[in-house]
Amino acid sequence: MSNTLLRVSPSDLKMPFELKKQNSACLELFNKTDQRVAFKVKTTSPKKYAVRPANGFVPPMGSLGITIVMQAPKEIPPDYHCKDKFLVQSTPVEGTKDIADDMFSKAPGKLIEEVKVRVIYVPANPPSPVPEEAEEEDSSDSDVDSEVERPSTSKSDICLVSNTIKSYTEENKKIQKELDLLRKTKPSPEGFSSTFVLLIFSFCILLGYYLLGCRA
C-alpha cells in the first residue's frame, strides 16, 4: 500500500559504522498533500539512537530533514548485520500547534500512515578504489618521462668513435710490422735492445687506449 501523506527517503537508512565513534544519518520527509501533516518517529532501540526532531509538522507540499544519531558502538556485530528499525507515523492535522500524545492513536475514520525504515551498517571510511583508466594514464606518463630522460646518441658521435677505432687499429698494425722487422735485424751495440722496444710498444698501446677513452 502506497503512502498518501509523506514520502520517506531513503527506505533503507545507511548508517556509518565505526567502533567507539558516534555517527549519524538523515531521513527526508516530503509532504505530498496540501495539508499540514504531523509525524512521529519511533525506533526498536531507543537507547541506541537519538532522533532530532522526533516529532513535528511538515508543511503542505514541503519537506523536513531528520537527523538520526547512533551512539558509539562498543563491538562489531557478526557480518555487520543490524536488526534495528524505525517507524515513521503521520496523520493530517488542522489548527493545532502542538503534538498531542493521542494524535497517532488509531481510531475508526482516522487516517494514520506508517512507514518502516530498516538500518544498514556501512563502513565509516571505506577505501576509495583507484580507477583503472587513471592507473593506465599514470603508467603511460611514467613511460614518457623515462623516454625523455634517456640520453640520445647522435650519428656524428657514432661516426667519431668508429673512425677513432679504425685509426687506432691501423696504427697498431703498423707498429706490429715495425716490431717484426726489428726482431729480424740484429741489434748493434749502439742500438736499442728488444726489451726496450717491447716497453715502447706497450706504452704506445696504453697511450692509444687512453686517447680513445678521452675522445669517447
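Source: prediction; values computed, not measured.

Quick notes on the rules
Residues numbered from 1 in each chain as written. Predicted model: local features only at pLDDT ≥ 70, side-chain atom pairs only at ≥ 80, totals over all residues. Heavy atoms only, no water. Salt bridge = Lys/Arg side-chain N within 4 Å of Asp/Glu carboxyl O. Buried < 20%, exposed > 50% of the residue type's maximum accessible area, 1.4 Å probe, protein only. Pairing = 2+ DSSP bridges. Helix = DSSP H or I, 4+ residues; strand = E, 2+ residues; numbered from the N terminus. Axes fitted to C-alpha atoms, helices over the stretch in contact; angles between N-to-C directions. Core = buried A, V, L, I, M, F, W, Y, C linked by side-chain atoms within 4.5 Å. Contact = heavy atoms within 4.5 Å. Phe/Tyr/Trp six-rings, centres within 6.5 Å; stacked < 30°, edge-to-face > 60°. Polar contact = N/O pair within 3.5 Å; in protein donor to acceptor, adjacent residues only side chain to side chain.

Caption draft 1: How the structure looks around the pattern of salt bridges. According to the stated counting rule, one finds four salt bridges in the structure shown. Residues E114 and K106 are paired through a salt bridge, measuring 3.9 Å at the closest nitrogen-oxygen approach. Overall, E114 belongs to the partly exposed group, its relative accessible area being 32%.

Caption draft 2: Summary view of the sheet that holds strand β5 (residues 49-52). With antiparallel pairing, four strands are arranged side by side in an open sheet as β1-β3-β7-β5. Since the sheet does not close on itself, it has two edges, and those belong to β1 (6-9) and β5, each with one partner. Averaged over neighbouring strand pairs, the angle between their axes works out to 20 degrees when direction is ignored. In terms of strand pairing, strand β3 (residues 23-31) meets strand β7 (residues 63-70) through eight bridges, oriented antiparallel. When the sheet's bridge partners are listed, S24 is paired in β7 with V69.

Caption draft 3: Expanded view of the nonpolar core. Core analysis: the biggest nonpolar cluster contains 25 residues, and M15, Y49, I68 and F86 have the highest contact counts within it. Listing elements by their share of this core, those giving two or more residues are β1, β2 (12-17), β3, β4 (36-43), β5, β7, β8 (85-93) and β9 (113-123). Top contributing element to this core by residue count: β9, with four residues. Non-local contacts of M15, meaning those with residues more than four positions away in its chain, are made with N23, S24, A25, Y49, I68, M70, V119, I120, Y121 and V122.

Caption draft 4: Spotlight on the sheet that holds β8. With mixed pairing, the five strands of this open sheet are ordered in space as β2-β9-β8-β4-β6. Single-partner strands in this sheet number two, and they are β2 and β6 (55-58). The sheet shows a mean angle of 30 degrees between the axes of neighbouring strands, direction not considered. As defined by bridge partners, β2 adjoins β9 across six bridges and the pair is classed as parallel. Each bridged residue has a counterpart across the sheet, and for F17 the counterpart in β9 is P123.

Caption draft 5: Spotlight on the packing of aromatic side chains. Scanning all chains against the criterion turns up three aromatic pairs. Each ring, one from F17 and one from Y80, has its centre 5.4 Å from the other, and the planes form 85 degrees; the classification is edge-to-face. Of this pair, F17 sits in strand β2 while Y80 sits in the loop between β7 and β8, and the two are 63 residues apart along the sequence. Ring geometry for F17 against Y121: centres 4.8 Å apart, planes inclined by 45 degrees, an arrangement best described as tilted. Of this pair, F17 sits in strand β2 while Y121 sits in strand β9, and the two are 104 residues apart along the sequence. Take F17 and Y121: they sit in the same class, and that class is buried.

Caption draft 6: The arrangement of the side chain of D84 in detail. Within the secondary structure layout, D84 lies in the loop between β7 and β8. A polar side-chain atom of D84 sits 2.8 Å from a polar atom in the side chain of K48. Ignoring anything within four residues of it in the chain, the contact list for D84 reads T44, S45, K48, Y49, R118, V119 and Y121.

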